[in-house]
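Observations on the three-dimensional arrangement
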Amino acid sequence: MTEELTPPNIPVEFRPRHIALVMDGNGRWAEQRGLKRTEGHKRGEAVLLDMVAACQALDIPYLSAYAFSTENWRRSADEVRFLMGFNRDVLTRQKMWLHERGVKVRWVGRRPRLWRSVLRELESAEELTKNNTSMTLFMCVNYGGRAEIIDGVREIVRKAQRGEIRPDDITEKNFHTFLDEPTMPDVDLFLRPSGEKRTSNFLLWQSAYAEMVYQNKLFPDYTPQDLFDAVEEYAKRDRRFGGTK
Ligand code: IPE
Ligand code: IPE
Ligand code: MG
């Protein structure tokens, strides 16, 4: 698939450096075909790999993939069990592919409740790929934007109680060091296929000035061309960050 990719010719300064991708619409894709919701999730595996390849074709250094949210525990026990096992198995199957392409994998999310076996695979993928430099894939598993901010605030309060930090030491510039993944840059392009127009608690702090692109395709049908279209749309946006031209 990757060999045939022809990315749009966009000057580097108009390309996003960090794409946040909400991998959504798997359940509906399956239901439309009279299949079990889990069949849609299974389809998502190859699509995620395609998205990594599409980002590499455009030299986009950071991709964050929303795989399981802190709210997804509300689903049926069966679906939760499937998704946990599936996330683990995708990493087992694909970490070598990612490694061979020079992708650095980083897990972003909350530890409590996450299956031990999933955590082990995430850590194993992180260890295997830690020296890779071609791009970074943030796998957001048991991730929630509010959970991440609250965890950061708790850490700050603990430090303050120990007298290690004063209120004025915390700034908008350094608050990110208390988040799940301190090295994560701000999101430039926030992508959500599936037709839903909401963030669903993804990368709230990092997306304060992200450009939102919502597309009407379910994730299992999503293609590199859809990502290229979104990047072209992004390139036309006028990012002002509150200022004027
Ligand atoms: C996204 O697809 C995958 C996860 C949330 C894990 P959904 O399962 O949300 O699919 P829809 O939105 O119900 O179609
Ligand atoms: C967001 O999608 C979470 C992931 C894609 C992992 P959801 O399908 O869970 O979000 P809502 O329920 O539509 O807001
Ligand atoms: Mg959904």
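Refer to the structure presented above.
Description of the structure in this document. (Residues numbered from 1 in each chain as written. Chains lettered and ligands numbered in written order. Predicted model: local features only at pLDDT ≥ 70, side-chain atom pairs only at ≥ 80, totals over all residues. Heavy atoms only, no water.)

**Thoughts on the side chain of Gln 56**
Quick reminder of the rule: Strands are runs of DSSP state E lasting at least two residues, helices are runs of H or I lasting at least four, and both sets are numbered from the N terminus onward. Using a 1.4 Å probe on the protein chains alone, a residue whose accessible area is under 20% of its type maximum counts as buried, one over 50% counts as exposed, and one in between counts as partly exposed. Here, two residues are considered to be in contact whenever any of their heavy atoms come within 4.5 Å of each other.
Structurally, Gln 56 can be placed in helix H2 (residues 37–57). Owing to a relative accessible area of 16%, Gln 56 belongs among the buried residues under this scheme. The contact partners of Gln 56, leaving out residues within four places of it in the chain, are Arg 101, Val 103, Ser 134 and Met 135.

**A look at the side chain of Gln 94**
Examined against the element boundaries, Gln 94 turns out to sit in helix H3 (residues 77–100). If near-sequence neighbours (up to four positions away) are discounted, Gln 94 is found in contact with Glu 45 and Leu 49.

**Things to note about the site of ligand 1**
Applied cut-off: One heavy atom within 4 Å of a molecule or strand is enough for the residue carrying it to be called near that molecule or strand. For the purposes of these results, a polar contact is taken to be a pair of N or O atoms within 3.5 Å, where, inside protein, one atom must be able to donate a hydrogen and its partner to accept one; residues adjacent in sequence count only when each atom of the pair is a side-chain atom. Grid spacing is 1 Å over the protein atoms alone, the probe is 1.4 Å, and a cavity is where that probe fits but cannot get out, while a pocket is an open set with protein on both sides within 12 Å along at least five of seven lines and lining residues have an atom within 4 Å of a point. Those molecules having more than half of their atoms within 2 Å of a cavity or pocket grid point set are described as sitting in that cavity or pocket.
Lining the immediate environment of ligand 1, one finds 13 residues, of which Asp 24, Gly 27, Arg 28, Arg 37 and Arg 75 sit closest. Backbone polar atom of Asn 26 to an oxygen atom of ligand 1: 3.1 Å apart, as the coordinates give it. Taking Arg 75, its side chain carries an N or O atom lying 2.7 Å from an oxygen atom of ligand 1. Cavity membership is defined here by more than half of the atoms lying within 2 Å of grid points; on that basis ligand 1 lies in the largest pocket. Elements with a contribution of two residues or more to the shell around ligand 1: helix H1 (26–32), H2 and H3. Sorting elements by how many residues they give to the shell around ligand 1 places H1 first, with 3 residues.

**Overview of the sheet that holds strand E3 (residues 103–108)**
Inclusion rule: The criterion for strand pairing is that DSSP finds at least two bridges linking the strands in question. Fitting a line to C-alpha atoms yields each axis, with helices limited to the stretch in contact; the angle taken between N-to-C directions then spans 0 to 180 degrees.
Across the sheet, which stays open at both edges, the 6 strands sit in the order E3-E4-E2-E1-E5-E6 with parallel pairing between neighbours. If you trace the sheet from one side to the other, it starts and ends with E3 and strand E6 (211–214), each paired once. Going across the sheet, the axis of each strand differs from the next one's by a mean of 20°, ignoring polarity. Across 4 bridges, strand E5 (residues 189–192) lies against E6 in parallel orientation. Looking at the pairing, Leu 189 lines up with Glu 211 of E6. Packing against the sheet, H3 makes contact with strand E2 (62–69), E3 and strand E4 (135–143), and its axis sits at approximately 155° to E2.

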